[in-house]
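Letter by letter, the chains look like this.
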Amino acid sequence: MTTNRRKFLQGTAALGAASLGGFPHIWSKNGMLARAANGQIKVGVLFSLTGTTAIIEESLNKATIMAIEEINAAGGINGMEIVPVVEDPASDPATFAEKARKLVLSDKCVSVFGSYTSASRKAVLPVFEKQNNLYWYPTLYEGRECSKNVIYTGAVPNQQQDDFVPWLLENFGKRWYLIGSNYIYPKEENNYCKKLLAELGGEVVAEEYVPLGHSEFSSVINKLKAEKPDVIFSTVVGDSVVALHRQYHAAGLDPETMPMASLTTSENEVAAMGGAAAAGHFTSAPYFMVWDSPENQKFVEAYRSRWGGDKVTHFVSEPSYFQIYLFKQAVEKLAASDIDPNTIREAVKGEQFQAPQGLVKVEPENLHTWLRPKIGRCKSDGQFEILKQSADWLEPDPYKAYSNQSCTAEGLKEV
């Protein structure tokens, strides 16, 4: 997973010179870029510790900090210490942007690890593109983004839905009710879902969006009772996941005949709502806490040892963890004087890591990650039973819903 440092640096120097006429945010070394210094590599950690999405983001912060602590305890990166600068953006996109500017401009971090929602990622993106810094985003997201200033380690729609939608159609039926939080991620995921349903003979009986933080689902429950869909396809996020499941359960609806199939419900939300409210419902994700591998056993044991025996790991905390190791492997290729966002980006292209979910890889063309999709059914004990897993890792295609566009190493192209 490492390359000859001299050859690598020669290659990145050539790329820097060649790219002056290409992407506006890729250029050769200059004094404006954040750099490692004084035996320290400063990075930003930007996950909400308060607000509506803190239910999930505080666990991303924990996984990130744990990975940094592990690397530092093992001697750092080529003897240099990773120094995390932690900020709380309080689940507010505007605060995300403000804190991102601080981390990049004032703290001079060479990379920032952060965000759960697409709204917060979109809010910080102009900061990283303008300042030519690097943002590491661990969350499953809607795709349709092609930035050279973001490393995307979460799943895109094809990695969650290509197996999931056909499986649900075969096992439960063709009439689907789409429910999501009201922002870009659920709407784009539903666009891809509708594309697959149209190809496979499915039918959307309703499509509805609720505000972030929404907690009153009585009208939705009444519509579900009236429509009786075969599948409830959920892209609700944060605290709303807990409210929706609890109110579904209280209404006496039956997952045997009308299951919720989610892209966003993890062990973390299940722990908050209780196993009884989650049991029988389905999630598609590259990672579940019960996955049987030596790497996952080590990850789960370390996480609980560090943060508490009752804590759970899930499909966003896992990439929050492994992306720190991808960062480490990239930086290991560099001389201390050459560590900056540009060289890190080029160094991470094609990097592989044996993550808790299995072997993953950063795709050089689009900076998204090859992952290993799985389908799980939640049990009353709060854990998932893995029902299906992909035969191999799946290539990320962030523009699969848009057949006329493709994200390449040269940028977004019309095809």
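Nothing here was measured: the structure is a model prediction, and the numbers come from that model.

Here is what the cut-offs are and how they apply
- Residues numbered from 1 in each chain as written.
- Predicted model: local features only at pLDDT ≥ 70, side-chain atom pairs only at ≥ 80, totals over all residues.
- Heavy atoms only, no water.
- Helix = DSSP H or I, 4+ residues; strand = E, 2+ residues; numbered from the N terminus.
- Rg over C-alpha atoms; globule rule 2.2 N^0.38 Å.
- Buried < 20%, exposed > 50% of the residue type's maximum accessible area, 1.4 Å probe, protein only.
- Contact = heavy atoms within 4.5 Å.
- Areas by Shrake-Rupley, 256 points an atom, 1.4 Å probe, with all protein chains shown as cover.
- Pairing = 2+ DSSP bridges.
- Axes fitted to C-alpha atoms, helices over the stretch in contact; angles between N-to-C directions.
- Parallel < 35°, antiparallel > 145°, perpendicular 65-115°, else oblique.
- Left-handed = near helix turned anticlockwise from the far one by under 90°.
- Phe/Tyr/Trp six-rings, centres within 6.5 Å; stacked < 30°, edge-to-face > 60°.
- Domains from an automatic or database assignment.
- Salt bridge = Lys/Arg side-chain N within 4 Å of Asp/Glu carboxyl O.
- Polar contact = N/O pair within 3.5 Å; in protein donor to acceptor, adjacent residues only side chain to side chain.
- Nonpolar A, V, L, I, M, F, W, Y, C, P; charged D, E, K, R; others polar.
- Disulfide = S-S within 2.5 Å.

## As for the overall build of the chain
Along the chain, the regular secondary structure elements total 13 helices and 17 strands. Taking 415 residues into account, the globule formula puts the C-alpha radius of gyration at 22 Å, and the chain, at 21 Å, falls close to it. Residue burial in the chain is summarised as follows: out of 415 residues, 58% are buried. For the chain, the proportion of contacts with a sequence separation of at least 24, taken over those separated by at least 6, is 70%. Of the roughly 15,300 Å² of accessible surface on the chain, 50% is carried by carbon and sulfur atoms.

## As for the sheet that holds strand β13 (residues 369–370)
What the three strands build is an open sheet, ordered β11-β12-β13; its pairing is antiparallel. The open sheet has two edge strands with one neighbour each: β11 (352–355) and β13. Each of β11, β12 (358–362) and β13 touches helix α12 (residues 317–332); the most contacted strand, β11, lies at about 145° to it.

## Describing the packing of helix α5 (residues 157–172) against helix α6 (residues 184–200)
Where α5 meets α6, the axes come as close as 10 Å, and the angle between the chain directions of the two elements is 45°. On the basis of the axis angle, α5 is oblique to α6. Viewed along their axes, α5 and α6 form a crossing whose handedness is right-handed. On α6, the residues touching P157, N158, Q160, Q161, D162, V165, P166 and L169 of α5 are Y185, E189, Y192, C193, L196, L197 and L200.

## Side note on the packing of aromatic side chains
The full count for this structure, using the stated rule, is 18 aromatic pairs. With centroids separated by 5.9 Å and ring planes inclined at 80°, the aromatic side chains of W136 and F327 adopt a geometry described as edge-to-face. Within this pair, whereas W136 is found in strand β4 (residues 135–137), its partner F327 is found in helix α12, the two being separated by 191 residues in sequence. As far as the burial class goes, W136 and F327 line up, both buried.

## Description of the domain arrangement of the chain
Taken domain by domain, the chain holds domain 1 (27–155 + 293–371) and domain 2 (158–285 + 375–414). A separation of 26 Å is found between the C-alpha centroids of domain 1 and domain 2. In this complex, domain 1 contributes 36 residues to the contact, which on the side of domain 2 involves 35 residues. Run the count over domain 1 and domain 2 and you get one salt bridge. Our enumeration of links across domain 1 and domain 2 arrives at 10 residue pairs in polar contact (both at pLDDT 80 or more). Broken down by secondary-structure element, the contributors of at least two residues to the side of domain 1 that touches domain 2 are α2 (54–73), α4 (118–131), β12 and β13. Broken down by element, the residue count for the side of domain 1 that touches domain 2 peaks at four residues, all from α2. Here the residues of the side of domain 1 that touches domain 2 sort into 15 nonpolar, 12 polar and nine charged.

## Here we look at the state of the cysteines
Using the criterion set out here, one finds one disulfide in the structure. Across the disulfide, C146 is cross-linked to C407 (sulfur-sulfur distance 2.1 Å). Handedness here is read from the sign of the S-S torsion; for C146 and C407, about 80°, the answer is right-handed. With C146 in the loop between β4 and β5 (150–152) and C407 in strand β16 (residues 405–408), the pair connects residues that are 261 residues apart, well separated along the chain. One exposure class covers both C146 and C407, and it is buried.

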